[in-house]
Amino acid sequence: TFLNLYYSFSNSYFSYVHHEHSWINISYSIGGDTFPACVSTSFLVNVVANSPPTNPGLTNQVWSSTTAHTYTIPTFTDPNGDSVTYSMSASCTAAMTFNPATPSLTAAVGATSGVYSCTLTADDGYTGGQTTATFTVTIGAGPVQPALTA
């Protein structure tokens, strides 16, 4: 497998974007045609593939439109320790407000009744680092009133 490995002489670092787990053998020499190599070394680097965030489990929600509600979404963890950002599907945010920083989903009093399929995406910012999870929010018109008897 050919690996794209770049070395910056001005900053003295190697740069490689990894896509799968592999070992890379790196050898380099500093010198040239007119000078013998003054530094020569070889080393092995273990490149670990990126893993997506882990879904802690999301629960379906049933809310009344006569009361404000907030669902604090359980935090996704990343096996590589990367920070995770969140986004929510447009079908869900049409009737509710999503806050990606907390992350949480809020419906105000008077939210439009309906059944909303909400798809949350947790992303660690690296290739292969996205997880999606879908849950349902059902917003009812209000509490059911008991039948009147004469």
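Scroll up for the structure.
Residues numbered from 1 in each chain as written. Predicted model: local features only at pLDDT ≥ 70, side-chain atom pairs only at ≥ 80, totals over all residues. Heavy atoms only, no water.

**Student:** Quick question: what am I supposed to make of the overall build of the chain here?
**Tutor:** Along its length, the chain carries one helix and 11 strands. The order of α-helices and β-strands along the chain, N terminus first, is β-β-β-β-β-β-β-α-β-β-β-β. By the burial criterion, 26% of the 150 residues in the chain qualify as buried. Within the chain, residue pairs in contact and separated by at least 24 positions form 56% of the contacts whose partners lie at least 6 positions apart. Approximately 9700 Å² of the chain is accessible, and the part contributed by carbon and sulfur atoms is 56%. (Helix = DSSP H or I, 4+ residues; strand = E, 2+ residues; numbered from the N terminus. Buried < 20%, exposed > 50% of the residue type's maximum accessible area, 1.4 Å probe, protein only. Contact = heavy atoms within 4.5 Å. Areas by Shrake-Rupley, 256 points an atom, 1.4 Å probe, with all protein chains shown as cover.)

**Student:** Just to check I follow, could you spell out the side chain of Thr 131 for this structure?
**Tutor:** Checked against the element boundaries, Thr 131 lands in strand S11 (residues 130-140). In this structure the side chain of Thr 131 is engaged in a polar contact, spanning 2.5 Å, whose partner is the backbone oxygen of Pro 53. Residues contacting Thr 131, with those up to four places away along its chain left out, are Pro 52, Pro 53, Asn 55, Phe 76, Leu 120, Thr 121 and Ala 122. (Polar contact = N/O pair within 3.5 Å; in protein donor to acceptor, adjacent residues only side chain to side chain.)

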